[in-house]
Amino acid sequence: MSAETYTRLAEEPLYVGAGWRPATGEPIAVVDPVAERPLAQVPSATAAEARAALEAAHAARDAWAATSPIARGAQLRELADLIGAHRDELADALVSEVGKPTPQALGEVQFAEELLRYSAEWDRRMEGEILPGETAGEVVHLLRAPVGVVAAICPWNFPLAVLCRKLGPALVTGNTVVVKPSEVTPLSTIALFRLIAEHASLPPGVLNLVTGGRETGAALVADELTSMVSFTGHKDTGKAIMAAAAANLTRVALELGGKAPAIVWRDADLDVAVPAVVTARHHNAGQVCTCAERVLVHEELLDEFTDRYVSAVESLRIGDPRRGADMGPLVSAAQLAKTEAAVATARSEGASVVTGGGRPPGEAFATGYWHAPTVLRDVTAQMRIMHDETFGPVTPILGIGSLDEAIAVANDSRYGLSAYIFSRDYQAVMRTVEALRFGEIYINRTLGESLHAHHSGFGESGIGGEDGKWGLLRYTQIKTAYHHYGQD
Ligand code: NAD
């Protein structure tokens, strides 16, 4: 998309009811992470403008809930078709604002489309229950009702996939939605809404968009018109949202960060484990909640694994995300600074850098938020790098002597989202799966969840869970009807 297109998208960034409106709050620069230049200044919605979007969603709520799920499924298929038909331009917007390589951006757009198609399939599957009554002449009927108005608050690492992961289930189950994209990457979401406004036939108010950062998000959370906050982002933001939502007993679904361990057991096939961990650490420049953030390798394999891993990361192509790179820049100056600080702290605690360590050398990397793939050795289980989410291309590798030790180190975390196990020993795998306190475990493979499974964090990685049947039903509440028809 051209610079003019981004400027135009920013002019009227709020979609409320069925109309575009300007936002009058603080403008926030969306920065191209390769060129370090603003793509656009996107104004934020004020609290009053956020309220107007909630009012539109609230006004549309009852009529939308009264439509048949089959009609709602048809609307979702229309949205999915729209995404599919505009795959390239949406992916291009993702490359511009996130800095992810084009194939990854196209993959994200495809995932977004498939998430909507999967949710649409639930249009004919929503089931209730019929139970016997307490007395003769009575049956009890349990049915699924929508929650109401959902505030969908999204992060910057997968702007469109995370958005559609929320939109699909929320809409097919009969909720109306106000979306707030991350202030770091709002352009792809505005672009999608432009397509929806122009081509889709959703009734006015069912889907609304507000831009802005923390204050706009907080206004949505605090408002009594919000029935549910579906949030994906940092754990500290999740805690603030849960505290604020308590005031109105607003439901929350929180998908938060992770510190995934990758356990490479003694008998692991390194031809599988090395490339799988390299991808699991470097996809989207390490900015994925399921990324392998710490690698625990059996001592007998430590040297061989490390040598092969280092040579694999050194052969990754770092560079312009539009020109065949495996890894682009980090999304922002803040993410780069956070990654650099994590490496500096690890070094000060005694870790040694085997490769990388900071900005890659050369003129091509003088501008932009670049961080070289970095491998750390001589780490201990106590170091900060083994506990705080890095969200950048840094791999600490720790030797472990036993499966019990690996499990104990893996579980010694506030997070509990994803974990990886590499082993051909059935018993070791099953013992580890049973013992790990993580919501999503990958065995002998790299990252990438299935949209019909369940994506959920234990501990401080979240409350709720998305995808599949269980994620979808979270956007409903159970209503019980006692049918007393009596007896003659
Ligand atoms: P963030 O928490 O900084 O921001 C996420 C969203 O919350 C943004 O839209 C932001 O404007 C908004 N926000 C900030 N403060 C708010 C407040 N007080 N009230 C309401 N909204 C507020 O997160 P981020 O930096 O955009 O994303 C990175 C984080 O997201 C990482 O921790 C990552 O692991 C996590 N993440 C988790 C998943 C998952 O499915 N579990 C997926 C992607 C990202």
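Whatever comes next refers back to the structure up there.
Note that this is a predicted model, so its numbers are computed, not measured.

Cut-offs and rules
- Residues numbered from 1 in each chain as written.
- Predicted model: local features only at pLDDT ≥ 70, side-chain atom pairs only at ≥ 80, totals over all residues.
- Heavy atoms only, no water.
- Axes fitted to C-alpha atoms, helices over the stretch in contact; angles between N-to-C directions.
- Helix = DSSP H or I, 4+ residues; strand = E, 2+ residues; numbered from the N terminus.
- Parallel < 35°, antiparallel > 145°, perpendicular 65-115°, else oblique.
- Left-handed = near helix turned anticlockwise from the far one by under 90°.
- Contact = heavy atoms within 4.5 Å.
- Nonpolar A, V, L, I, M, F, W, Y, C, P; charged D, E, K, R; others polar.
- Core = buried A, V, L, I, M, F, W, Y, C linked by side-chain atoms within 4.5 Å.
- Buried < 20%, exposed > 50% of the residue type's maximum accessible area, 1.4 Å probe, protein only.
- Expected span 1.5 Å × (residues − 1).
- Near = heavy atom within 4 Å.
- Polar contact = N/O pair within 3.5 Å; in protein donor to acceptor, adjacent residues only side chain to side chain.
- Areas by Shrake-Rupley, 256 points an atom, 1.4 Å probe, with all protein chains shown as cover.
- Pairing = 2+ DSSP bridges.
- Salt bridge = Lys/Arg side-chain N within 4 Å of Asp/Glu carboxyl O.

Caption draft 1: Geometry of the packing of helix H3 (residues 69-85) against helix H7 (residues 187-199). Remark: H3 packs on H7, axes separated minimally by 10 Å, with the N-to-C direction vectors making an angle of 120°. Considering the angle they form, H3 stands oblique to H7. Of the two possible hands of crossing, H3 and H7 adopt the one that is right-handed. Contact with H3, carried on its side by Leu79, Leu82 and Ile83, involves Leu192, Leu195, Ile196 and His199 of H7 and no other residues of that element. Split into classes, the residues belonging to the contact of H3 with H7 amount to six nonpolar, one polar and no charged.

Caption draft 2: Seen up close, the nonpolar core. Within the largest apolar cluster, 96 residues are counted, with the highest numbers of intra-cluster contacts made by Leu207, Val264 and Phe305. Counting residues per element, this core draws most heavily on helix H6 (residues 159-172), at nine residues. In this structure Phe305 touches Val264, Leu270, Val274, Val277, Val295, Val297 and Ile397, once residues within four positions along its chain are discounted. Among the nonpolar cores identified, the runner-up in size contains 23 residues, and Leu376, Ile400, Val429 and Leu436 belong to it.

Caption draft 3: Geometry of helix H2 (residues 47-66). In a regular helix each residue adds 1.5 Å, so 20 residues correspond to 28 Å; H2 covers 29 Å between its end C-alpha atoms and thus fits that length. For H2, the full list of buried residues reads Glu49, Ala50, Ala52, Ala53, Leu54, Ala56, Ala57, Ala60 and Trp64.

Caption draft 4: Fine view of the side chain of Thr306. Within the fold, Thr306 resides in helix H11 (residues 302-314). With a relative accessible area of 2%, Thr306 lands in the buried category. The contact partners of Thr306, leaving out residues within four places of it in the chain, are Arg377 and Ile397.

Caption draft 5: Representation of the site of the ligand in the model. Taken together, 28 residues form the shell around the ligand, and within it Glu183, Thr237, Leu256, Glu389 and His455 come nearest. Ala218 has a polar backbone atom sitting 3.5 Å from a nitrogen atom of the ligand. One of the backbone nitrogen or oxygen atoms of His234 is found 2.8 Å away from an oxygen atom of the ligand. Considering the ligand on its own, with 860 Å² of exposed area, one finds that the protein chains cover 90% of that surface. Breaking the shell around the ligand down by element, the ones donating at least two residues are helix H8 (214-222), strand S10 (228-232) and helix H9 (235-245). Ranked by residue count, the leading element in the shell around the ligand is H8, at four residues.

Caption draft 6: Fine view of the sheet that holds strand S19 (residues 440-443). Spatially, the seven strands line up as an open sheet ordered S14-S15-S16-S13-S12-S18-S19, and their pairing is mixed. Single-partner strands in this sheet number two, and they are strand S14 (352-355) and S19. Strand-to-strand twist across the sheet, computed as the mean angle between neighbouring axes with direction ignored, equals 25°. When strand S15 (residues 374-377) meets strand S16 (residues 394-400), the two strands line up parallel, connected through three bridges. Within S16, the position partnered with Thr374 by the bridge is Val394.

Caption draft 7: Spotlight on the pattern of salt bridges. Applying the stated criterion across every chain, the model contains 26 salt bridges. For the salt bridge of Arg117 with Asp81, the shortest nitrogen-to-oxygen distance reads 2.8 Å. Remark: Asp81 occurs in helix H3 and Arg117 occurs in helix H5 (residues 102-121); sequence separation between them is 36 residues. Among the salt bridges present, the one from Asp92 reaches Arg322, with a minimum N-O distance of 2.9 Å. Remark: Arg322 occurs in the loop between H11 and helix H12 (333-348) and Asp92 occurs in helix H4 (residues 87-98); sequence separation between them is 230 residues. If you follow the salt bridges from partner to partner, you end up with Arg51, Glu55 and Asp223 in one network.

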